[in-house]
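Here is what each chain is made of, one letter per residue.
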Amino acid sequence: MKKTERIFVIGHKNPDTDSICSAIAYADIKNRTTQNKKYIPKRAGQINEETRYVLNRFGVQPPAYLGNIGTQVKDMDIRTSPQADKNMSLKNTWDLMQENGIVSLPIRDKDGCLEGLVTIGDIAKTYMDTTDSYLLSNARTQYQRIAETVGGEVVEGNGHGYFVKGRVLVGTANPKMLEGYVEENDMIIMGDREEDHLQAISQNVSCIIVGLNIVVSEKVVKLAHEKNIVIIRSPYDTFNIARLINQSIPVSFVMKRDNMVTFNTEDFTDDIQDVMIKNRHRAFPVINPHGKCIGTISRRNFLDMHKKKVVLVDHNEVDQAVDNIEKAEILEIIDHHKLGTLQTMTPVAFRNEPVGCTGTILYEIYGEQRLEIPEKIAVRGDDPVGAYYTPLGTDGKPAVFLKAKPKTDPEKCTKCGICATVCPMGSIPKDAPDTCTGICIKCQACILGCPRGAKFFDDEQFLSHARMLEQKFAGIHKENEFYL
């Protein structure tokens, strides 16, 4: 089943309400007009209090945070590894790796967590080490695994038991010679002579392996049963049994457990490149956020990485964009600001209009696509905009007070500078707080902030407008209305 392509819709850093709401709205538009793609709204910074209030007011969940849109390990073609546990024999492990065409195999527990890593080189090295007669016992090899490796079966004894002490020997000499070099708990590969079998049993070996599907006598089976000795029958000859038997040891004995180099699906590829160069492994295990090993990656995966796909709203400047935007594939830009510095490798859909906010453009797109705006997105403000607000006086006529500025009572002013500090426009100089040299927006912050009451307005038209507002609206409470 083809995986649904994910495309992120994201605004600028330090997002305002327009940026957040535009991402939400455009993701809604695209999801309703596009198939086989999932558009996901994201944000490139923390939501401010105004935006948080708006989202809560209309019951809309805020987009998830995305601080870096660079390529991550999860954007690479992670090679899925077949399930392999630490109790598998080297032979079964080798066969599994050959079937899947892999050179490194993560070994996982029943919960999928990484326990170790084995490579073709690890198996080859063990197979070539043919002088260690204690290899199988040191590896605590299960008798059933030994029987499977030599293509045979356990005909007597506990196949689920483990060979934990002794050497592996070939018993081709006569009974007298066997007595001289076979020791207790050894495992011995033998032929068809009953006297040899009986001699091995008398010396308390742990296991007897017979080749060519030889059927041992009932007497040998009975004595072996009494002494808890395992008997394995194989169709192979002595040479091939001896050649194969080292492949029966569990992979846990040769796998790498410590200082493994692993990567997380959330790691950024820029961060792992140097690690890959320093560690010349063929493949590296990949761990997901739940701690499960999901496969491996290699250096060649850098050749076919999948860039994240993104739609930018309410900005087109590199400095305002989410980190590593140059590593992503930009599909569309919708904005109302001046042209910025973003560059793309291929042509993109770019919609830029000289309007007050990006939300206005999205409102137009809803209409163009003949889409009904969802109730959570459609708020009052869609009606045609009326005439610009005109301030009136108490007589109902327009009040003109654009040039009005606050005055200062010199007898009350102590030049403390508080008025200069609270002025949002910075129009009151700190060294001359009894003047107003810049633009005044009539907010009256200086009047309210003066502890001596030294600031005041004397412009009659402004005072008439203020009295009109008090007469008409004082004491009336209305709910806030938001226009997107």
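Above this text sits the structure in question.
Rules and cut-offs
Residues numbered from 1 in each chain as written. Predicted model: local features only at pLDDT ≥ 70, side-chain atom pairs only at ≥ 80, totals over all residues. Heavy atoms only, no water. Helix = DSSP H or I, 4+ residues; strand = E, 2+ residues; numbered from the N terminus. Rg over C-alpha atoms; globule rule 2.2 N^0.38 Å. Contact = heavy atoms within 4.5 Å. Areas by Shrake-Rupley, 256 points an atom, 1.4 Å probe, with all protein chains shown as cover. Lys, Arg positive; Asp, Glu negative; His and termini not counted. Charge placed at Lys NZ, Arg CZ, Asp CG, Glu CD. Pairing = 2+ DSSP bridges. Right-handed = clockwise from strand over helix to strand, strands pointing away. Buried < 20%, exposed > 50% of the residue type's maximum accessible area, 1.4 Å probe, protein only. Phe/Tyr/Trp six-rings, centres within 6.5 Å; stacked < 30°, edge-to-face > 60°. Lys NZ or Arg CZ within 6 Å of the ring centre and 35° of its normal. Core = buried A, V, L, I, M, F, W, Y, C linked by side-chain atoms within 4.5 Å. Polar contact = N/O pair within 3.5 Å; in protein donor to acceptor, adjacent residues only side chain to side chain.

Participant: Describe the overall build of the protein, naming the residues involved and giving the relevant values.
Facilitator: Broken down by element type, the protein carries 15 helices and 20 strands. For 484 residues, the compact-globule estimate of 2.2 N^0.38 gives 23 Å, and the protein exceeds it by more than 25% at 41 Å. Along the longest, intermediate and shortest principal axes, the C-alpha atoms of the protein span 130 × 55 × 40 Å. Pairs at least 24 residues apart make up 56% of the contacts formed inside the protein by residues separated by at least 6 positions. Accessible surface, the protein as shown: approximately 27600 Å² in total, 51% of it carbon and sulfur. Looking at charge distribution, the protein has the averaged site of its 60 positive side-chain charges lying 2 Å from that of its 64 negative ones.

Participant: Report on the pairing of strand 9 (residues 168-171), specifying residues and quantitative values.
Facilitator: In this sheet, strand 10 (residues 187-190) lies alongside strand 9 in parallel orientation, the contact comprising four bridges. Residue Gly-171 lies in a different strand from strand 10, and its bridge partner there is Met-190. Running through helix 7 (residues 175-181), the crossover from strand 9 to the neighbouring parallel element strand 10 is right-handed.

Participant: Can you tell me about the environment of Asn-36, naming the residues and giving the values?
Facilitator: Inspection of the secondary structure assignment puts Asn-36 in the loop between helix 1 (17-33) and strand 2 (37-43). According to the relative accessible area criterion, Asn-36 is exposed, its value standing at 68%. Between the C-alpha atoms of Asn-36 and Glu-5, which are 31 residues apart in sequence, the distance is 6.7 Å. Apart from the residues lying within four places of it in its own chain, the contact partners of Asn-36 are Thr-4 and Glu-5.

Participant: So, unusual backbone geometry: which residues are in play, and what are the values?
Facilitator: With a phi angle near 65 degrees, Asp-314 is a residue other than glycine that sits in the positive phi range. Here Gln-444, not a glycine, exhibits a phi torsion of approximately 65 degrees, which is positive. For Gln-444, the location among the structural elements is in the loop between helix 13 (418-422) and helix 14 (445-449).

Participant: Can you explain the packing of aromatic side chains? Please cite residues and give values.
Facilitator: Ring pairs (aromatic) are described by centroid distance and by the angle formed between their planes. If you walk through the whole model with that rule in mind, you get four aromatic pairs. Taking 6.4 Å as the distance between ring centres and 40 degrees as the angle between the ring planes, the aromatic pair formed by Tyr-143 and Phe-163 counts as tilted. Taken as a pair, Tyr-143 in helix 6 (residues 143-149) and Phe-163 in strand 8 (residues 162-163) lie far apart in primary sequence, 20 residues in all. Using a relative accessible area of 1% as the deciding quantity, one classes Phe-163 as buried. Note on Phe-263 and Phe-284: the rings are 5.4 Å apart at their centroids and 45 degrees apart in plane angle, and the pair reads as tilted. Separated by 21 residues along the polypeptide, Phe-263 in strand 13 (residues 263-264) and Phe-284 in strand 14 (residues 284-287) bring together distant segments of the chain. Of the residues examined, Phe-263 reaches a relative accessible area of 5% and is grouped as buried. Cation over ring: Arg-57 sits above Phe-58, and NZ or CZ is 5.3 Å from the ring centre. For Arg-140, the ring lying beneath its charged end belongs to Tyr-162, and the centroid distance is 5.9 Å.

Participant: Residues and numbers for the sheet that holds strand 13, please.
Facilitator: Strands sit in the order 13-14-15 across an open sheet of three strands; the sheet is mixed. Sheet topology places strand 13 and strand 15 (293-297) at the edges, where each strand pairs with a single neighbour. Pairing geometry for strand 13 and strand 14, over two bridges, is parallel. Residue Phe-263 lies in a different strand from strand 14, and its bridge partner there is Val-286.

Participant: Please provide a residue-by-residue account of the nonpolar core, values included.
Facilitator: Among the nonpolar cores identified, the biggest contains 32 residues, and Leu-105, Val-118, Leu-136, Ile-146, Met-187, Ile-209 and Ile-232 are the most heavily contacted of them. Among the secondary structure elements, those contributing two or more residues to this core are helix 3 (90-100), strand 4 (104-108), helix 4 (120-128), helix 5 (135-138), helix 6, strand 10, strand 11 (207-210) and strand 12 (230-233). Ranked by size, the runner-up nonpolar core spans 17 residues in total, among them Val-9, Ala-25, Ile-365 and Leu-371.

Participant: Give me the lowdown on the environment of Glu-50, citing residues and values where you can.
Facilitator: One can find Glu-50 in helix 2 (residues 49-57). Between the C-alpha atom of Glu-50 and that of Asp-16, which follows or precedes it by 34 residues, the distance is 8.2 Å. A distance of 2.5 Å separates polar atoms of two side chains, one belonging to Glu-50 and the other to Thr-17.

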